[in-house]
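Reading the structure
Chain residues, written in single-letter form:
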Amino acid sequence: MKIDDVTEILREAAETVILPRFGALAAGEVSEKTPGELVTVADREAEALIGRRLRELLDAPVVGEEATAADPTLPRALNESPAAWVVDPIDGTGNFVAGRPGFAVMAALVRDGETVAGWILRPVDGTAYVAERGSGAWRDGTRLHRGPAPADAAELHGDVLTRFLDEPARARVAAAAPRFASLGRGASCAGVDYPRLAEGERDFVLYRRILPWDHAPGTLLLDEAGGYARRLDGSPYRPGEDRTGLLAAADPDSWERARALLT
């Protein structure tokens, strides 16, 4: 398997299933799988196409976001199988439904519980991010190198996804906000947030809910670009772990400064 083969599979899904429906979804093509969680016909069709094509490259279980909604036991493969695919057919479905370009198609390959390769495709502009453990992170063939963040917290620009935080956590975030140069709410799409970190547009992002299809590709991209993504206790991220809380940052020092102020 060549790493670019997966990129082409994601492009195929984007061009044949996703983009033809961008800005053209009919009312019956959008629904809620849980309160506030949108799913479209494009999500389901793209996941089926991507999963089928990935298994042609490597016959391993596919842990897809939409398939997991129907069968919550699927993520067990991330710990129990020697290899498994992770697929997010449309990350940022809310943006996709609203006609905003901040959505992505993502996939990752997990071996022995560890993410070893990740792919993020932004369909609207065609930008592709690829990472392979030990071989670096790339944007459209150009190697990414994330430089260190400023040493002063007052110069850091970050995001906190507050939607899934409890009230005490939200209060801590609100109290800490003036200590940073800026503190936003993210792009509602991990496939946008992680590349922004890797390319220096943000210095940290704090997440509470950690679903493997949202974070397996991006954490590897950031790590391979020179950034630092860890659980809040400092342990490495592994996609098969059912825990909450993840802080991604430019480097270990900015990670520590953000954690101290936000948690």
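In this report, the structure presented in the accompanying data block is examined. Not measured: the values here are computed from a predicted model.

One can find Val6 in helix 1 (residues 3-18). By relative accessible area, Val6 is classed as buried at 0%. The spatial distance from the C-alpha of Val6 to the C-alpha of Leu57 is 8.4 Å, given a sequence separation of 51 residues. Discounting residues that sit within four places of it in the chain, Val6 has contacts with Met1, Leu54, Leu57, Trp85, Ala107 and Trp119.

Take the sheet that holds strand 13 (residues 228-231) next. Across a sheet, strands are paired by hydrogen bonds formed along the backbone, either parallel or antiparallel in direction. The strand order across the open sheet formed by five strands is 11-10-12-14-13, and the pairing between neighbours is mixed. Two strands in the sheet have a free side with no partner beyond their single neighbour: strand 11 (182-184) and strand 13. Pairwise comparison of adjacent strand axes, ignoring direction, gives a mean angle of 15 degrees for this sheet. Across four bridges, the pairing between strand 12 (residues 204-207) and strand 14 (residues 246-249) is antiparallel. Directly across from Phe204, in strand 14, lies its bridge partner Ala249. Its contacts with the sheet place helix 7 (residues 190-198) against strand 12 and strand 14, and it is angled at close to 145 degrees to strand 12.

Direction of pairing for strand 1 (residues 30-34) relative to strand 2 (residues 37-40): antiparallel, over a ladder of four bridges. Each bridged residue has a counterpart across the sheet, and for Ser31 the counterpart in strand 2 is Val39. As consecutive antiparallel partners, strand 1 and strand 2 are separated by two residues, and within that stretch Gly36 has a phi angle of approximately 85 degrees, a positive value.

Here we have seven strands laid out as an open sheet, ordered 3-4-5-6-7-8-9, and mixed in their pairing. Edge positions in the sheet fall to strand 3 (62-64) and strand 9 (142-143), since each of these pairs with one other strand and no more. Judged from the two bridges that link them, strand 8 (residues 136-139) and strand 9 form a sheet pairing that is antiparallel. Across the sheet, the residue bridging to Trp138 is Arg143, located in strand 9.

Reading the values: rules and limits
Residues numbered from 1 in each chain as written. Predicted model: local features only at pLDDT ≥ 70, side-chain atom pairs only at ≥ 80, totals over all residues. Heavy atoms only, no water. Helix = DSSP H or I, 4+ residues; strand = E, 2+ residues; numbered from the N terminus. Buried < 20%, exposed > 50% of the residue type's maximum accessible area, 1.4 Å probe, protein only. Contact = heavy atoms within 4.5 Å. Pairing = 2+ DSSP bridges. Axes fitted to C-alpha atoms, helices over the stretch in contact; angles between N-to-C directions.

Bear in mind that shape data such as this cannot, by itself, settle questions of function.
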